[in-house]
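# A look at the structure
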Amino acid sequence: MNNAVAEQKPILECRDLRKAFGAFEVLRSISFEMQAGVVLSVIGASGSGKSTLLRCLNYLEQPSSGVVFLDGEPIGLRRQADGGLKPDSPANIARMRAQIGMVFQQFNLWPHMSALENVIEAPRQVKGLKRAEAIEIGRHYLGKVNLLDKADAYPARLSGGQQQRVAIARALAMQPKVMLFDEATSALDPELTGEVLDVMRALAEEGTTMVVVTHEMRFARDVSDRVMFLHQGVIEEDGAPAQVFGNPASERCRAFLSSVAH
Amino acid sequence: MFSETLRQSLDLSIFWEYRQTLLVGLLQNVYIFFASAALAMALAVVVGLARLSKRFWVRGLSTFYVELFRNTPEFVLLIWVYYVLPILLSRLLATQFNLSPFLAAVLGLGVAYSGFMSETVRAGIQAIPKGHREAGTALGMRDGAILRRIVLPQALRRMLPEMLSQLVSLFKATSIVSLIAVPDIMYQVSMVNVEQMRPLPLYTGAALLFCLVIISATQMIQILSERWRRRGWA
Ligand SMILES: Nc1ncnc2c1ncn2[C@@H]1O[C@H](COP(=O)(O)OP(=O)(O)O)[C@@H](O)[C@H]1O
Ligand SMILES: [Mg+2]
């Protein structure tokens, strides 16, 4: 990374993020910065805290301590006049979340709405767009995931791969600053993962800022700019894909990579 | 001789003679049904949501409400609302307070059925996967919008069969309102019976009329919901 880029303000920053469920510490002091346009893949064994990390990034989980900044603004906390931070209002938290797209393993489409209705719901409800305006945006993003012909189909009539692509269009329609993907292809039959990964690859090529939790090591290696290996809630390895996959410093990362190879 | 008696007493034409009175009576049942159903469902949504509240005391209070009204016979509740509630309210407000039989019937039945229906609402809401709500939250939607746009529309459709059978019970239960002197169909039938002494055709006719209304209404709703299902989501 050259100096010009390194000096930019990070689009996303985690400062000493911790999360415990009861006495169980899932995330232990996570700190990192991320520049706009970067694709960051997060890998690690099941239970290492990857989903919890993503869910803290958009405040679906409230961190036990530490702060996440989106474009310099703290999420879930408000700066006081004296410089201190206090809990933010639900309205402001929602406003911040609206700038972060999230794609879930289980798609989570709303079954009582057609594909297009799913996509235009948040632009209408959250941004208050007029129906015609929202439809225009909705159709644009359905086109981007190659599903314009399924705009009026209900989720039950779509394959898993199509549902996940609608879910991606739904998140994109809010025109977020960062997209989060939590194992977007893990619930899919193997023959359907390709169409979803293709969409994600196209987004990456367009310069979308993405945090991708994935078990697809090929995707992490070929598409991302940066790979992070999480182990028991700690960042064990963080670097360019060539370095993480080719010559990891952490012994645990090495062991994990050889365990998931083929 | 015997068959002649049977024929006479089963003569439903007497029902036809009194059709106007009877239909006016039935209309009272229909009015009370719609008013108490609206009240019951509105209360059921509020109480059903309260049962899922994060706050301990809201949950406790709503559980008390549900148990109280689910386990009190409708008839007792009706009598209580008609005779006891006005006395209590008069004392509390220190003014004369009266409830019309119609209002008492709507209130009594509405509250009684809201207890059952709130359980249906609660189960319906709980059946909606948490991920559906989280997807809305992640997009920046507020809790109210998520409830209104995502949870309730799905939950209400899911509740439909159960709700329908409770509405049928509610309509049947409107037949007890004559006991607090609402001039409903049962009231009209007993009035005619006092004059004519023809219990068999009169009460049989009333039974058949109830049956007819309920069967045609449920058939209609089933056809409607079948149309919903065909729109694409199960
Ligand atoms: N809501 C929760 N309550 C209690 N424990 C949780 C909760 N969510 C996650 N965990 C625990 O935190 C650990 C990390 O979970 P998760 O972030 O889902 O890991 P990953 O996505 O890497 O598989 C797991 O041991 C899991 O059981
Ligand atoms: Mg996970």
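Refer to the structure presented above.
Reading the values: the criteria
Residues numbered from 1 in each chain as written. Chains lettered and ligands numbered in written order. Predicted model: local features only at pLDDT ≥ 70, side-chain atom pairs only at ≥ 80, totals over all residues. Heavy atoms only, no water. Helix = DSSP H or I, 4+ residues; strand = E, 2+ residues; numbered from the N terminus. Rg over C-alpha atoms; globule rule 2.2 N^0.38 Å. Contact = heavy atoms within 4.5 Å. Areas by Shrake-Rupley, 256 points an atom, 1.4 Å probe, with all protein chains shown as cover. Phe/Tyr/Trp six-rings, centres within 6.5 Å; stacked < 30°, edge-to-face > 60°. Buried < 20%, exposed > 50% of the residue type's maximum accessible area, 1.4 Å probe, protein only. Lys NZ or Arg CZ within 6 Å of the ring centre and 35° of its normal. Pairing = 2+ DSSP bridges. Axes fitted to C-alpha atoms, helices over the stretch in contact; angles between N-to-C directions. Patch = residues over 30% accessible without salt bridge, like charges linked within 9 Å, V, L, I, M, F, W, Y side chains within 5 Å. Salt bridge = Lys/Arg side-chain N within 4 Å of Asp/Glu carboxyl O. Expected span 1.5 Å × (residues − 1). Parallel < 35°, antiparallel > 145°, perpendicular 65-115°, else oblique. Nonpolar A, V, L, I, M, F, W, Y, C, P; charged D, E, K, R; others polar.

### Here we look at the overall build of chain A
Along chain A, the regular secondary structure elements total 10 helices and 12 strands. Against the 2.2 N^0.38 benchmark of 18 Å for 262 residues, chain A shows a C-alpha radius of gyration of 19 Å, consistent with a compact globule. Each principal axis of the C-alpha distribution contributes one length, and for chain A these read about 55 × 50 × 45 Å. Counting contacts in chain A only where the partners sit at least 6 residues apart, residues at least 24 apart contribute 64% of the total. Summed over its atoms, the accessible surface of chain A is roughly 11600 Å², and 47% of this surface lies on carbon and sulfur atoms.

### Considering the packing of aromatic side chains
Inspection of every chain in the model, using the stated rule, returns seven aromatic pairs over all chains. Arranged with centres 5.3 Å apart and planes meeting at 35 degrees, the rings of Phe229 of chain A and Phe256 of chain A form a pair that is tilted. Taken together, the residues Phe229 of chain A in strand S11 (residues 226-231) and Phe256 of chain A in helix H10 (residues 251-260) connect sequence positions 27 residues apart. On the accessibility criterion, Phe229 of chain A (2% relative accessible area) is buried. On the numbers, 5.4 Å between centres and 90 degrees between planes, the contact of Phe33 of chain B with Phe171 of chain B is edge-to-face. A residue pair is termed long-range when its members are at least 10 positions apart, and Phe33 of chain B in helix H3 (residues 19-50) and Phe171 of chain B in helix H8 (residues 143-173) qualify at 138 residues. Note on accessibility: Phe33 of chain B and Phe171 of chain B belong to one class, buried. Aromatic ring contacts, followed pair by pair, group Phe33, Phe34, Phe171 and Phe210 of chain B into a single cluster. Its end group placed over the ring of Trp110 of chain A, Arg170 of chain A keeps NZ or CZ at 4.3 Å from the ring centre.

### Here's the deal with the sheet that holds strand S9 (residues 178-182) of chain A
All names here are of chain A. Strand order in the open sheet made by the six strands is S8-S9-S10-S3-S11-S12, with mixed pairing throughout. Both outer strands of the open sheet, strand S8 (100-103) and strand S12 (234-239), are each paired with one neighbouring strand and no more. Across the sheet, the axes of successive neighbouring strands diverge by a mean angle of 15 degrees, strand direction being ignored. In this sheet, S9 lies alongside S8 in parallel orientation, the contact comprising four bridges. Within the sheet, the bridge partner assigned to Ile100 lies in S9 and is Val178. Contacting S8 and S9, helix H6 (residues 160-172) runs over the sheet at an angle of about 170 degrees to S8. Sitting on the sheet, H10 is in contact with strand S3 (39-43), S11 and S12, with an inclination near 100 degrees to S11.

### With respect to a nonpolar patch on the surface
Residue and element names in this part refer to chain B. Side chains of Phe2, Leu6 and Leu200 sit close together on the surface and give an oily, nonpolar patch of about 310 Å² of accessible area. With respect to the secondary-structure elements, Leu200 resides in helix H10 (residues 199-230). Assessed through its relative accessible area of 40%, Leu200 is described here as partly exposed.

### A few points about the sheet that holds strand S4 (residues 65-70) of chain A
What holds strands together in a sheet is hydrogen bonding between their backbones, with the strands either parallel or antiparallel. Residues and elements named next belong to chain A. Here four strands make up an open sheet; going across it, the order is S2-S1-S4-S5 and the pairing antiparallel. Two strands in the sheet have a free side with no partner beyond their single neighbour: strand S2 (24-34) and strand S5 (73-74). Of the pairings in the sheet, the one linking strand S1 (residues 12-21) to S2 comprises seven bridges and is antiparallel in character. Bridged to Phe21 within S2 is Phe24. Strands in contact with helix H2 (residues 50-57) are S1, S2 and S4; relative to S1, the strand with the most contacts, it is inclined by about 120 degrees.

### Structural notes on H6 of chain A
With 13 residues, H6 of chain A extends 18 Å from end C-alpha to end C-alpha; this agrees with the ideal 18 Å at 1.5 Å per step. The buried fraction of H6 of chain A amounts to 13 of the 13 residues, a majority that puts the element mostly inside the structure.

### With respect to the packing of H3 of chain B against helix H4 (residues 56-70) of chain B
Residue and element names in this part refer to chain B. It is the contact of H3 with H4, at a shortest axis distance of 8 Å, that shows an interaxial angle of 135 degrees. Classified by the angle between their axes, H3 and H4 sit oblique to one another. Residues Leu43, Val47 and Ala50 of H3 form the contact with H4, whose participating residues are Val58, Arg59, Ser62, Tyr65 and Val66. Of the residues that constitute the contact of H3 with H4, the class distribution is six nonpolar, one polar and one charged.

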